[in-house]
Amino acid sequence: MASKPDETRDGVPLTNLDQPLFDGAGATKRDLVDYLDAVHGRILRELRERPLSVIRVRPGQQPFMQKNVPKYTPEWVRTVPMWAEASKREVSYAVCDDRKTLLWFANQRAVEYHPTLVRASRWDRVTQLVLDLDPPEGETFQLAVQAAQLVRQALADIGLSGAVKTSGAKGVHVYVPIDDQASIEDAAAATRAIAARAERIDPALATTAYVKEERQGKVFVDSTRSGGATVVAAYSPRIRPGATVSFPVGWDDIDQVTPKDFTLHTAPALLGDGDPWAEQLPAPQTLPAELIEEGHTIPIARVVAMHEGKRRKAAARRAAESEGEAASEGEEKG
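Note that the structure is predicted; figures quoted are calculated from it, not measured.

Trainee: Can you explain the overall build of the protein chain? Please cite residues and give values.
Mentor: If you tally the helices and strands in the protein chain, you get nine helices and 14 strands. Residues counted as buried form 51% of the 334 residues belonging to the protein chain. Within the protein chain, contacts between residues separated by at least 24 positions form 72% of all contacts whose residues are at least 6 apart in sequence.

Encoded structure:
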């Protein structure tokens, strides 16, 4: 027999609300539910109509990403089928369109919300380009902010604009809303071109090197979020110390904040009645043909890294074989 819920909201039973959320969160499951309920109107704008992956954390377990909805998912949770190339199977994704679904996810201890860049009704078009500014290890958030300004400059140079938010982890996300004229391939190409242009503005600060060992302490301008990729939504909590959240910050203020300024506890009061992300996002823009054309000349970073990894493994194998042959010859001569 199921235990009695602590309380019910919007018809959703909420249980074990006073349990710690995760190690280092400084928050309970109730804090998660209260936060998501407080910002539901804002975060739902980012989740609505989009296939959703969540990262859940159960007591005593490692966090895990959930794409396929579990069998016990209520029938009123909307789902959409989507082919997953990586696992070669059809995945049934949830679509979080309303407060009730969001509260159900919160009760499932879903802390992070990662929607796709495409809408369920239009799989062949992304709605925004995303540049993920990933700084090197250490207290390097300000380097990510500086790199974001390079992206802003690269966008301005070609007549585009974007909005910026903290990732909630250690980096920064720049979003560029686009219209539905560009194919997924063209949008991905344009993202690569913007990253390359940002790198050229200040190659001592920014790099597009996908392999971490090749970044030399620079900020990685990640242009690989495209197609069916997901990005953590604005206002989503993160499984990070202090239970930080991904938070929109104006371009003029981004260098005056740190990711730790925005948590489950502090974000609602900072927002007040506003929705800064909706206010800061530009209207959808048409991608310039020259940007798309330039991007198609730039190899896809992940593919380049994969081939380079295979090349290095093959070289290491050949070297090991050569050493083995040399040792064998030495034994024969002895």
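Trainee: For the nonpolar core, give the residues involved together with the corresponding values.
Mentor: Grouped together as the largest cluster of nonpolar side chains are 88 residues, with contacts concentrated most on F105, Y113, L133, V151 and V174. The greatest single-element share of this core, amounting to nine residues, is contributed by helix α4 (residues 141-157). Beyond its immediate stretch of four places on either side in the chain, F105 contacts L52, V54, Q66, A94, C96, A110 and Y113. One finds V80, M82, Y93 and A120 within the second-largest nonpolar core, a separate group that totals seven residues.

Trainee: Break down the side chain of R125 for me, citing the residues and quoting the values.
Mentor: For R125, the location among the structural elements is in strand β9 (residues 122-126). Accessibility expressed as a relative area gives 19% for R125, which makes it buried. There is a polar contact of 2.7 Å between the side chain of R125 and the backbone oxygen of D180. Among the polar contacts made by the side chain of R125, one reaches the main-chain carbonyl oxygen of A182 at a distance of 3.1 Å. Sequence-distant contacts of R125, defined by excluding residues within four places in its chain, comprise L117, V118, D180, Q181, A182, S183 and I184.

Trainee: Lay out the packing of α4 against helix α5 (residues 184-201) in plain terms, naming residues and giving numbers.
Mentor: Between α4 and α5, the shortest axis-to-axis distance is 8 Å and the interhelical angle comes to 115°. When the interaxial angle is binned, α4 and α5 end up roughly perpendicular. Along this stretch, α4 crosses α5, giving a crossing that reads as right-handed. Counted together, L150, V151, Q153, A154, L155 and D157 of α4 and I194, R197, A198 and I201 of α5 form the full contact between these two elements. Across the contact of α4 with α5, the residue classes break down as seven nonpolar, one polar and two charged.

Trainee: For unusual backbone geometry, give the residues involved together with the corresponding values.
Mentor: Of note, D10 is a non-glycine position whose phi angle comes to about 50°, a positive value. Relative to the assigned elements, D10 resides in the loop between β1 (7-9) and β2 (12-14). Since its relative accessible area comes to 38%, D10 is described here as partly exposed. One non-glycine residue, Y235, lies in positive phi territory at about 80°. On the secondary structure map, Y235 appears in the loop between β14 (219-222) and α6 (267-271). Note on Y235: relative accessible area 0%, which makes it buried.

Trainee: How would you sum up α5? Please name residues and give values.
Mentor: Here α5 contains 18 residues, and its C-alpha end-to-end distance of 26 Å stays within 8% of the 26 Å for a straight helix at 1.5 Å per residue. Burial of α5 is extensive: 13 of the 18 residues sit out of reach of the surface.

Trainee: Break down the sheet that holds strand β10 (residues 128-134) for me, with residues and values.
Mentor: Pairing within the open sheet is mixed, and its five strands lie in the order β11-β12-β10-β14-β13. Because the sheet does not close on itself, it has two edges, and the strands there are β11 (163-166) and β13 (206-207). Across the sheet, α4 is in contact with β10, β11, β12 (172-177), β13 and β14; its angle to β12 comes to roughly 20°. Packing against the sheet, α5 makes contact with β10, β13 and β14, and its axis sits at approximately 40° to β10.

Trainee: Outline the pairing of strand β7 (residues 110-115), supporting the account with residue identities and numerical values.
Mentor: Look at any regular strand and the pattern is simple: side chains alternate between the two faces of the sheet. In terms of burial, β7 is a largely internal element, six of the six residues being buried. For strand β3 (residues 51-56) and β7, the ladder comprises five bridges, and the chain directions are antiparallel. Bridge pairing in β7 links I55 to E112.

Trainee: Help me get a handle on the side chain of R215, residues and values and all.
Mentor: Relative to the assigned elements, R215 resides in the loop between β13 and β14. Exposure remark for R215: the relative accessible area of 10% places this residue in the buried category. Setting aside residues no more than four positions away along its own chain, R215 makes contact with D134, T207, A209, Y210 and F220.

Trainee: Describe the pattern of salt bridges, and please don't skip the residues or the numbers.
Mentor: In this structure the tally under the stated criterion is 23 salt bridges. Taking the shortest distance from any N to any O, the salt bridge between D18 and R30 comes out at 3.2 Å. Of this pair, D18 sits in the loop between β2 and α1 (29-38) while R30 sits in helix α1, and the two are twelve residues apart along the sequence. Judged by its relative accessible area of 55%, D18 falls in the exposed class. With a shortest N-O distance of 4.0 Å, R225 and D222 are connected by a salt bridge. Given the relative accessible area of 9%, D222 is considered buried. Residues joined by salt bridges that share partners form a network here, namely E7, R9, D10, D18, R30, D34, D37 and R99.

Trainee: Tell me about the pairing of strand β5 (residues 79-84), residues and numbers included.
Mentor: Side-chain alternation along β5 places V80, M82 and A84 on a buried face and T79, P81 and W83 on a face that remains uncovered. Bridging between β5 and strand β6 (residues 89-95) involves six bridges; their strand directions are antiparallel. Within the sheet, the bridge partner assigned to M82 lies in β6 and is V91. The turn linking β5 back onto β6 is made up of four residues, and K88 within it adopts a positive phi angle of 55°.

About the criteria used
Residues numbered from 1 in each chain as written. Predicted model: local features only at pLDDT ≥ 70, side-chain atom pairs only at ≥ 80, totals over all residues. Heavy atoms only, no water. Helix = DSSP H or I, 4+ residues; strand = E, 2+ residues; numbered from the N terminus. Buried < 20%, exposed > 50% of the residue type's maximum accessible area, 1.4 Å probe, protein only. Contact = heavy atoms within 4.5 Å. Core = buried A, V, L, I, M, F, W, Y, C linked by side-chain atoms within 4.5 Å. Polar contact = N/O pair within 3.5 Å; in protein donor to acceptor, adjacent residues only side chain to side chain. Axes fitted to C-alpha atoms, helices over the stretch in contact; angles between N-to-C directions. Parallel < 35°, antiparallel > 145°, perpendicular 65-115°, else oblique. Left-handed = near helix turned anticlockwise from the far one by under 90°. Nonpolar A, V, L, I, M, F, W, Y, C, P; charged D, E, K, R; others polar. Expected span 1.5 Å × (residues − 1). Pairing = 2+ DSSP bridges. Salt bridge = Lys/Arg side-chain N within 4 Å of Asp/Glu carboxyl O.

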